[in-house]
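# Analysis of the macromolecular model
Residues per chain are reported as follows:
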Amino acid sequence: MSKVGRKSNVIILLIAVIFLSLLIWGITAKNNENSEVLIGEPIPHFELLSLYDPQNYNPQQANASQRYINQNDLHQLPMQLINVWASWCSTCRLEHAYLLTLKQQGIPIIGINYRDQRQAAINVLLQEGDPYQQVIFDPKGSLALDLGVMGTPESYLVNQQGVIVQRYRGQLSAEVWQRYFAPHFVSLPSTPSLSAQQ
Amino acid sequence: MIWRRFFLFSFLSSLLFSVMLTNSYAASSNYETKSDDKTNNTYAASGTDPIFVVLDKEQSINVDLFQFDNIQQQQQAISLAKSLRCPQCQNQNLIESNSPIARDLRLKVFQMYKEGKSEQEIIDYMTYRFGDFVLYNPKLSMATLLLWGAPLLLLLLLIFYSFRGIINQQQK
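Keep in mind that this is a model prediction, so the values were computed, not measured.

Cut-offs used in this document
One numbering rule holds for all chains: residues counted from 1, following each sequence as written. All chains are assigned letters beginning at A, and all ligands numbers beginning at 1, according to the order in which they are written. Given that the model is predicted, a residue must reach a pLDDT of at least 70 before its local features are reported, and side-chain atom pairs must reach 80 or more before they are shown or counted; all residues, however, enter totals for whole chains, interfaces and linings. Only heavy atoms go into the side-chain values, all of them from the structure, while hydrogens and water stay out. Strands are runs of DSSP state E lasting at least two residues, helices are runs of H or I lasting at least four, and both sets are numbered from the N terminus onward. Summary of the burial criterion: residues with accessible area below 20% of their type's maximum are buried, those above 50% are exposed, and those between are partly exposed, where the area comes from a 1.4 Å probe applied to protein chains only. The contact criterion used is simple: two residues touch if any of their non-hydrogen atoms lie within 4.5 Å. Calculation of accessible area relied on Shrake-Rupley with a 1.4 Å probe; when residues are assessed, cover is drawn exclusively from the protein chains displayed. Only a pair of cysteine sulfur atoms within 2.5 Å counts as a disulfide in this structure description. When DSSP finds at least two bridges between two strands, those strands are taken to pair. Every axis corresponds to a line fitted to the C-alpha atoms, with the helix fit spanning only the stretch in contact, and the corresponding angles, defined between N-to-C directions, vary from 0 to 180 degrees. Every angle not falling under 35 degrees, over 145, or within 65 to 115 is termed oblique; those three ranges are roughly parallel, roughly antiparallel and roughly perpendicular. Throughout, a crossing is termed right-handed when the near helix is turned clockwise from the far one, and left-handed when it is turned anticlockwise from it by less than a right angle. In this classification, the charged set is Asp, Glu, Lys and Arg, the nonpolar set is Ala, Val, Leu, Ile, Met, Phe, Trp, Tyr, Cys and Pro, and all remaining amino acids, among them Gly, are polar. As used in this structure description, the phrase polar contact means that two N or O atoms lie within 3.5 Å; if the pair is within protein, one of them must be able to donate a hydrogen and the other to accept it, and residues adjacent in sequence are counted only when both atoms belong to side chains. For every residue, the predictor states its confidence as a pLDDT score lying anywhere from 0 to 100.

## Thoughts on the overall build of chain B
Helices and strands together make up the secondary structure of chain B, namely six helices and zero strands. Each helix and strand of chain B, placed in order from N terminus to C terminus, yields the pattern α-α-α-α-α-α. Burial statistics for chain B: of 172 residues in total, 36% are counted as buried. A sequence separation of at least 24 residues applies to 56% of the contacts in chain B between residues at least 6 apart. Carbon together with sulfur atoms contributes 61% to the accessible area of chain B, which is approximately 10,600 Å² in total.

Here it is, written out as structure tokens:
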């Protein structure tokens with residue numbers, strides 16, 4: 001065997017190693033959950049009914065009597081968590097317990113009720129507790145379409161300028177919160193420290 | 001010698017292929033999508049709720065009986081919708097899939113086409129919301145350079161090594 005042949009074998013081996021590492025990287029990097037799409041973009045304009053229609057459900061909340069909600073209601077606070085959910089989504093109900101914990105920690109959450117029936121959604125909130133300050137009723141999925149929602153649950157973090165700063169597809173948990181959402185609250189002076197409670 | 005290289009190259013190509021597959025969609029089991037059988041659920045059991053939701057019916061009339069201005073417009077709109085992937089499906093385009101989101105997006109494509117929007121405007125609308133994932137023909141960029149360039153590179157390498165092998169054998 002010539003020297004040249006050995007050299008080309010080394011090159012082939014090198015290529016194989018590069019492709020193998022790329023393969024491993026491709027499998028392990030689940031970059032579809034922590035989506036970069038729409039980050040840095042303003043929240044879309046919309047005008048939708050509140051799920052808390054006074055005729056159906058009155059959860060004794062500050063803005064429960066409000067009938068219509070638009071994009072301006074989503075950035076009244078330094079940081080606003082927006083959570084897309086539905087009563088038919090079992091993962092959302094698993095997530096619900098953690099959302100209630102977030103609410104206790106002082107995180108403001110606005111819900112988007114996605115392709116659901118009003119009464120079914122209200123039943124969930126009555127039976128399992130209500131983590132939301134306000135819920136936007138989106139039965140046709142129009143706002144969800146503009147937010148690029150692929151499935152529920154999905155969560156967005158919006159700053160006071162109305163810009164999406166973080167997005168997550170899937171169930172929120174303490175681990176996910178620490179990794180993707182908590183860093184955005186660190187710089188805020190008036191919010192309770194979240195990292196200390198984990 | 002030639003055979004060993006041949007096997008090595010086929011091994012490498014299959015590796016590359018699996019990289020493409022896993023990169024194109026690593027399925028996440030962590031979120032749910034709405035299918036028609038989920039219209040009813042335990043929480044919708046109260047007597048006042050309709051079992052069949054009228055909205056879906058409206059939607060399906062809008063989409064399935066969409067009125068185009070002419071046949072050419074219809075064909076172009078459908079071929080564009082076929083080049084866009086349904087965001088919540090593993091591998092179906094906007095025409096094939098009947099999930100609610102695919103129907104909505106299909107309707108959106110048809111409407112935008114009828115309004116006279118260009119194909120690029122429609123594609124921008126989709127990628128703004130859902131990312132490059134919806135494109136069956138990914139754009140050529142730094143991130144996709146390997147995806148586009150690797151098959152060509154492999155082919156060139158294969159040709160180069162095959163020729164060299166033949167020449168080496170002839171010299172012997």
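Let us keep going from here.
## Observations regarding the state of the cysteines
Residue and element names in this part refer to chain A. For the coordinates displayed, the defined rule picks out one disulfide over all chains. At a sulfur-sulfur separation of 2.2 Å, the disulfide partner of C89 is C92. Around the S-S axis, the bridge from C89 to C92 shows a dihedral of about 90° and counts as right-handed. C92 carries the same exposure label as C89, and that label is buried.

## A closer look at the sheet that holds strand β4 (residues 109-114) of chain A
Residues and elements named next belong to chain A. The mixed open sheet is built from five strands, whose spatial order is β5-β4-β3-β6-β7. Edge positions in the sheet fall to β5 (134-138) and β7 (164-169), since each of these pairs with one other strand and no more. If you compare each strand with its neighbour and ignore which way they point, the axes differ by 20° on average. Judged from the six bridges that link them, strand β3 (residues 79-85) and strand β6 (residues 154-159) form a sheet pairing that is antiparallel. Opposite M79, over in β6, you have N159 as the bridge partner.

## Examining the packing of helix α3 (residues 71-82) of chain B against helix α4 (residues 100-114) of chain B
Residue and element names in this part refer to chain B. Running from amino to carboxyl end, α3 crosses α4 at an angle of 140°, the nearest separation of the two axes being 10 Å. Considering their axes alone, α3 and α4 lie oblique with respect to each other. The element α3 and its partner α4 pack so that their crossing is right-handed. Listed contacts from α4 to Q73, Q76, A77, I78, L80 and A81 of α3 are V109, F110, Y113 and K114. Residue composition of the contact of α3 with α4, grouped by class: seven nonpolar, two polar and one charged.

## A word on the side chain of Q166 of chain A
Structurally, the position occupied by Q166 of chain A is in strand β7. Among the polar contacts made by the side chain of Q166 of chain A, one reaches the side chain of H184 of chain A at a distance of 3.4 Å.

## Topic: the confidence of the model for chain B
Residues and elements named next belong to chain B. Here chain B shows a mean pLDDT of 76. Residues at 70 or above account for 69%. No element of chain B has a lower mean pLDDT than helix α1 (residues 2-24), which averages 64, and none a higher one than helix α5 (residues 119-130), which averages 91. In the model, residues 24-29 has pLDDT below 50 throughout and makes eleven contacts with residues more than four positions away in sequence or in other chains.

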